[in-house]
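Overview (structure and organization)
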Amino acid sequence: MRVLLVEDEKKVASFIHSGLREEGYAVDVTYDGQDGLDLAESNEYDIIILDLMLPGRGGLDVLEKLRLDQILTPVLVLTAKDSIQDKIRGLDMGCDDYLTKPFSFDELLARMRALFRRCQERADAKLRVADLVLDPASHKVIRAGKRVDLTAKEYALLEYLMRNAGRVLSRVQIAEHVWDIDFDTFTNVIDVHVNHLRRKIDGEHDQKVIHTVRGMGYKIENQ
Ligand code: CA
């Protein structure tokens, strides 16, 4: 298991770091929020342990940016005891959890394992919008009980839309996440693929799920 630890209190960081290393985890440590974000976006971690009060960039801000960028690594937030309610507002409890300082190392380990398990199950769970079902485990897409054949790009595009169902995704976001390209030169590519996808998914169905939001982008939603 590879762990990213973002914690600016050096004592706490070194206590967690050495404990995890003894347990056989590979651990990267940073004391800065922006560094943490950069590391999380450029490496594959199994879990991220994230303090909230950080120099560079706050923990919740880091978490929000990660999710926006479709990085679904489980995040365990470390927080001081006061104003917990306030602080957990930004957390999606499926793939995130929080731990109040001070905590015991055993508790940290137990929370990490539970969170990791929960997030694994969720990553494999089927996505649904109306009668459209996408199975991330088998890459099968079903609309109204019938299998829909998609190209790899169309599938990736649909999965991205469905993981963000109800949310408008800009062409820039889609370009970065599905194509991994610079948006400027490829505007058309996205529109063309969305149109293909729309033909296959919505086609002759009365209920349309893929929507264009003028001037903003696209979203998938049960309307
Ligand atoms: Ca801190």
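Being a predicted model, the structure only gives us computed values, none of them experimental.

Turning next to the domain arrangement of the protein. Note on interface size: it is often stated as the accessible area lost on association of the parts. Along its sequence, the protein is organised into domain 1 (2-122) and domain 2 (127-220). Distance from the C-alpha centre of domain 1 to the C-alpha centre of domain 2: 31 Å. If you look at the interface, domain 1 gives four residues, while domain 2 gives six residues. Here domain 1 and domain 2 share an interface that buries about 470 Å² over both sides, 46% of which is from carbon and sulfur atoms. In terms of surface lost to domain 2, no three residues of domain 1 exceed Leu68, Asp69 and Gln70, which account for 79% of the buried area on that side. Here domain 1 is connected to domain 2 by zero salt bridges. For the pair domain 1 and domain 2, the interface holds zero residue pairs in polar contact (both at pLDDT 80 or more).

In this section: the packing of helix α1 (residues 10-22) against helix α5 (residues 105-124). For the pair α1 and α5, the least separation of the axes is 11 Å and the interaxial angle reads 65 degrees. For the crossing formed where α1 meets α5, the hand is right-handed. Of the residues in α5, those touching α1 at Phe15, Ile16, Gly19 and Leu20 are Phe105, Leu108, Leu109 and Met112. Grouping the amino acids of the contact of α1 with α5 by side-chain chemistry returns seven nonpolar, one polar and no charged.

You can see Glu159 is positioned in helix α6 (residues 152-163). The exposure class of Glu159 is buried, given its relative accessible area of 18%. Glu159 has contacts with Leu127, Leu134 and Pro136, leaving out every residue within four places of it along the chain.

Turning to the state of the cysteines, a few remarks are in order. Under the counting rule described, the total for this entry stands at one disulfide. Covalent S-S linkage joins Cys95 and Cys119, the inter-sulfur distance amounting to 2.1 Å. Judged by the sign of its S-S torsion, about 85 degrees, the cystine formed by Cys95 and Cys119 is right-handed. Note that Cys95 is positioned in the loop between α4 (84-88) and β5 (96-100) and Cys119 in helix α5, a separation of 24 residues in sequence. Judged by its relative accessible area of 7%, Cys119 falls in the buried class.

Calculation rules
- Residues numbered from 1 in each chain as written.
- Predicted model: local features only at pLDDT ≥ 70, side-chain atom pairs only at ≥ 80, totals over all residues.
- Heavy atoms only, no water.
- Domains from an automatic or database assignment.
- Contact = heavy atoms within 4.5 Å.
- Buried area = accessible area lost by both parts, 1.4 Å probe.
- Salt bridge = Lys/Arg side-chain N within 4 Å of Asp/Glu carboxyl O.
- Polar contact = N/O pair within 3.5 Å; in protein donor to acceptor, adjacent residues only side chain to side chain.
- Axes fitted to C-alpha atoms, helices over the stretch in contact; angles between N-to-C directions.
- Helix = DSSP H or I, 4+ residues; strand = E, 2+ residues; numbered from the N terminus.
- Left-handed = near helix turned anticlockwise from the far one by under 90°.
- Nonpolar A, V, L, I, M, F, W, Y, C, P; charged D, E, K, R; others polar.
- Buried < 20%, exposed > 50% of the residue type's maximum accessible area, 1.4 Å probe, protein only.
- Disulfide = S-S within 2.5 Å.

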